[in-house]
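Commentary on secondary and tertiary structure
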Amino acid sequence: MLTIDNITQQFGDKILYENISAQINRGEHVGLIGRNGAGKSTLIKIITGEILPDDGQILFPKNLKLGYLDQYVNVDDQVTIQRFLETAFQEAFDKEARIGELYAEYAENFDDRLLEQAGRLQNELDQGNFYQMSTIIDELATGLGIDVLGMDSLMKNLSGGQRSKIILAKMLLEKPDMLILDEPTNHLDDNHVVWLTQFLKDFDGTFLVVSHDRDFLNEITTHILDIEFGKLTKYTGNLTRALKQKELSQETYLRQYEAQQEHIKKTEAYIRKYKAGSRSTMAKSREKQLAKIERLTPPSDSPKPHLDFPYGAIVTTLALETDQLVIGYEKPLLAPVNITIRYGEKIAIRGFNGIGKSTLIKTLIGEIPALSGSYHFPEKTQISYFSQELAWENPLQTPLQYLSDKYPKATVKELRRHLSRAGLHSQLAQESLKLLSGGEQTKVKLAEMTMIKSNFLILDEPTNHIDQESKENLQDTLTKYPGTVIVVSHENGFYEDFVDRVIELGN
C-alpha cells in the first residue's frame, strides 16, 4: 500500500534521516513513533506530498484512495456540520444529480441508452450506502461526540479541537483504502478515544498513525515504524512488543557503534603514527579502508529531561474555592460550579470535548471573566499555567530569545540549562520556534515553567505532543511537586497514578 524508498531529508545542518526505506502492506495497522524532533510529522508530510524529500521517493498503488487527517485543511466556514459531513458522499450526490439529468434528456429524445445509463447509476447507488447516509452520519457523530455541538451549527463557530474532530469524522465517512492520522486523539476526550480505538481496531483497511498516547497505540497497532538514530525500523506486533524488540536491537546497535568507534580511533592513531614513516604504505592502505567504512549514526544527543518546578512556600488549608461559579462566553457552558480543593491536592479534570474544561481553567487564571459567581485563591498563591495552544507572539524568535524576553535578568547559560533540563538540546535552542516540532515547542513552554516559583500548577493537556520519555519525567515531577496541581488530560494513563481525585464535568 505504501513504499518509502530511500528517503533522505535534511533541514539546515540537521540530517533527519538518510536513505530510509520501509513498506506498509494491505491491512496493516501501523504506528509511527520516535522522539520529539526525530522527524515523524515531516515524514507524514513527505508521504502526503506536502513537502518533497531531498532524495528518494514515495510509491503508492494506482488509484489508491488516501485519507489524511489534516486539521488545517481549508473548509467552507458557512456550511453546517451536517452539510460538511454529507460532502463525504459527494460522489453519490453527483450520481443522483446525473440520474435526474439523464431522465430529463430521455423525456426530450426517448433514447433508451439514456435509461440504461441511469439504471446503472441507480444500481450503484442502491448497492452503496447513500440511502443510509443519515443513519451512518448520526452514528459517527454520536461516537465522536459531535452531536452535542448541534448538527446545524456553522463550521465557523467551532473551536480548533471541535473542527479537527469533524474533519476526522468526514475522513472516516469517506472510507479511504489507507488512513494517515497525525495525533488523532489530541482533541478527543476519554470516551471518544475509546470509540476511535474500537473503530480503528475494526477497520479492515490500512492505516499509519502518529501518536504519543501509548495506551491508544498499544490497542490499535499490528506493526510499529520507529525513527531512531536517523534510521527507520519496522517491528511486528503492538507497541509493547515493538519496544521490547527495540530494546534488544538498541543494545546490539550501541555495542556495534562503540566497537566501530574504537576501531576508527585505533586506525586513525595508526595512520597518524606511521603515515610518514617506514610503514607508510600500510598506513595509506588502512586510510583507504577507513574511508570506505559505512559509519553508524551516533546515538541521539538529546538531553534527558529533568524538569523541576520551583516551589514557593505558602501556609494555607484550602487552595481554591468556587461559589456558584458560572463559566462561558455569551451563555453558560455548565451549571454553577462549586469546587473546594485542599492545599497540596492533585486533581484531574475530565469531561467530553467542548464541555468547558479549558474555559474553566481560563476563568480561574483570570484570562476570561466569570459570567457570575466567584472563586477564591488564598493570599500568596503563585500560579504557573501551561496552555495547550502552541501560539507564539513572535514565531520567528528562537527559544533563547523568547525566554530572554520573559526573563531579561537570566544569563544565556541559565536559559540554556533550563531548556536542556526540559529536553531541548543546544542546537534547537537557536532555531526559530515555528521550525520546531509540536513536542519541541511544548518543551520550551515547560522550560518557561521551570523558571518561576509557584505553589499551584495548572496544566491544560500538557502531553499532547511530547514523547514518552518527557511524559514520564513530567509525571515524576508532578508526583514530587509539594504544591497543588490541576491537570486536564485525555490520557488516563498519564495522571491516574499521581492524582488524589478526578473532577468530572458534565451537563
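Residues numbered from 1 in each chain as written. Predicted model: local features only at pLDDT ≥ 70, side-chain atom pairs only at ≥ 80, totals over all residues. Heavy atoms only, no water.

Looking up the protein chain in an unreviewed UniProt entry gives the name ABC transporter ATP-binding protein, with the organism given as Enterococcus diestrammenae.

Here we take up the overall build of the protein chain. When you go through the protein chain residue by residue, the secondary structure sums to 16 helices and 17 strands. Taking the principal axes of the C-alpha coordinates as reference, the protein chain spans close to 100 × 70 × 40 Å. When burial is assessed residue by residue, the protein chain has 48% of its 507 residues classed as buried. Considering only contacts within the protein chain whose residues lie at least 6 apart along the sequence, 72% involve residues at least 24 apart. Counting only carbon and sulfur atoms, one obtains 48% of the accessible surface of the protein chain, whose full area is about 25800 Å². One finds the centroid of the 57 positive side-chain charges in the protein chain at a distance of 12 Å from the centroid of its 72 negative side-chain charges. (Helix = DSSP H or I, 4+ residues; strand = E, 2+ residues; numbered from the N terminus. Buried < 20%, exposed > 50% of the residue type's maximum accessible area, 1.4 Å probe, protein only. Contact = heavy atoms within 4.5 Å. Areas by Shrake-Rupley, 256 points an atom, 1.4 Å probe, with all protein chains shown as cover. Lys, Arg positive; Asp, Glu negative; His and termini not counted. Charge placed at Lys NZ, Arg CZ, Asp CG, Glu CD.)

Here we come to the sheet that holds strand β17 (residues 501–504). Ordered in space as β14-β15-β16-β12-β17, the five strands form an open sheet in which the pairing is parallel. Each of the sheet's edge strands pairs with one partner strand only, and the pair in question is β14 (383–386) and β17. Going from strand to strand, the sheet's axes swing by 15 degrees on average, the running direction of each strand aside. The pairing of β14 with strand β15 (residues 456–460) spans four bridges and is classified as parallel. If you follow S384 over to β15, its bridge partner there is L457. Along the sheet, helix α14 (residues 438–449) makes contact with β14 and β15, crossing β14 at roughly 180 degrees. (Pairing = 2+ DSSP bridges. Axes fitted to C-alpha atoms, helices over the stretch in contact; angles between N-to-C directions.)

Scanning the entire structure with this criterion turns up twelve aromatic pairs. Aromatic side chains F494 and F498 sit 5.7 Å apart centroid to centroid with 85 degrees between the ring planes, which places their arrangement in the edge-to-face category. Judged by its relative accessible area of 1%, F494 falls in the buried class. The buried category is assigned to F498, whose relative accessible area is 7%. Among the aromatic residues, those joined into a ring-pair cluster are W195, F199, F203 and F207. R83 extends its terminal NZ or CZ atom over the ring of F93, reaching a point 5.4 Å from the ring centre. (Phe/Tyr/Trp six-rings, centres within 6.5 Å; stacked < 30°, edge-to-face > 60°. Lys NZ or Arg CZ within 6 Å of the ring centre and 35° of its normal.)

Next up on the list: the side chain of H212. Its place among the elements puts H212 in the loop between β7 (206–210) and α8 (214–220). In this structure H212 comes out as buried when scored by relative accessible area, which is 10%. Here the side chain of H212 touches H465 through a polar contact of 3.1 Å, landing on its backbone oxygen. (Polar contact = N/O pair within 3.5 Å; in protein donor to acceptor, adjacent residues only side chain to side chain.)

This brings us to the packing of helix α12 (residues 399–406) against helix α13 (residues 412–421). Following both chains from N to C, one finds α12 and α13 inclined at 115 degrees, their axes separated by 10 Å at the closest point. The element α12 and its partner α13 pack so that their crossing is right-handed. Contacts between α12 and α13 involve P399, L400, L403 and S404 from the first element and V412, L415, R416 and L419 from the second. For the contact of α12 with α13, the class distribution of residues is six nonpolar, one polar and one charged. (Left-handed = near helix turned anticlockwise from the far one by under 90°. Nonpolar A, V, L, I, M, F, W, Y, C, P; charged D, E, K, R; others polar.)

Close approach of charged atoms allows side chains with opposite charge to pair. Applying the stated criterion across every chain, the model contains 20 salt bridges. Among the salt bridges present, the one from E504 reaches R350, with a minimum N-O distance of 2.8 Å. Placement of the pair is E504 in strand β17 and R350 in strand β12 (residues 346–350), with a sequence separation of 154 residues. Three or more residues are tied together by salt bridges with common partners; here these are R35, K304 and E469. (Salt bridge = Lys/Arg side-chain N within 4 Å of Asp/Glu carboxyl O.)

Right, let's get into the packing of α12 against α14. Between two packed helices, what matters for the description is the angle formed by their axes and the separation of those axes. The geometry of α12 relative to α14 is characterised by a closest axis approach of 11 Å and an angle of 30 degrees between their N-to-C directions. Relative to α14, the element α12 is oriented roughly parallel. Of the two possible hands of crossing, α12 and α14 adopt the one that is right-handed. Contact residues: P399, Y402, L403 and K406 in α12; V444, A447 and E448 in α14. Taken together, the residues of the contact of α12 with α14 sort by class into five nonpolar, no polar and two charged. (Parallel < 35°, antiparallel > 145°, perpendicular 65-115°, else oblique.)

With that settled, the discussion passes to the sheet that holds β7. Strands sit in the order β5-β6-β7-β3-β8-β9 across an open sheet of six strands; the sheet is mixed. Each of the sheet's edge strands pairs with one partner strand only, and the pair in question is β5 (66–69) and β9 (231–236). Ignoring which end each strand starts from, the neighbouring axes of this sheet average 15 degrees apart. Two elements, strand β8 (residues 223–228) and β9, share six bridges in a ladder whose sense is antiparallel. Residue pairing for β9: D226 is matched across the bridge by T233. Helix α1 (residues 40–47) rests against β3 (29–34), β5, β6 (178–182), β7, β8 and β9 of the sheet, and its axis sits at about 135 degrees to β3.

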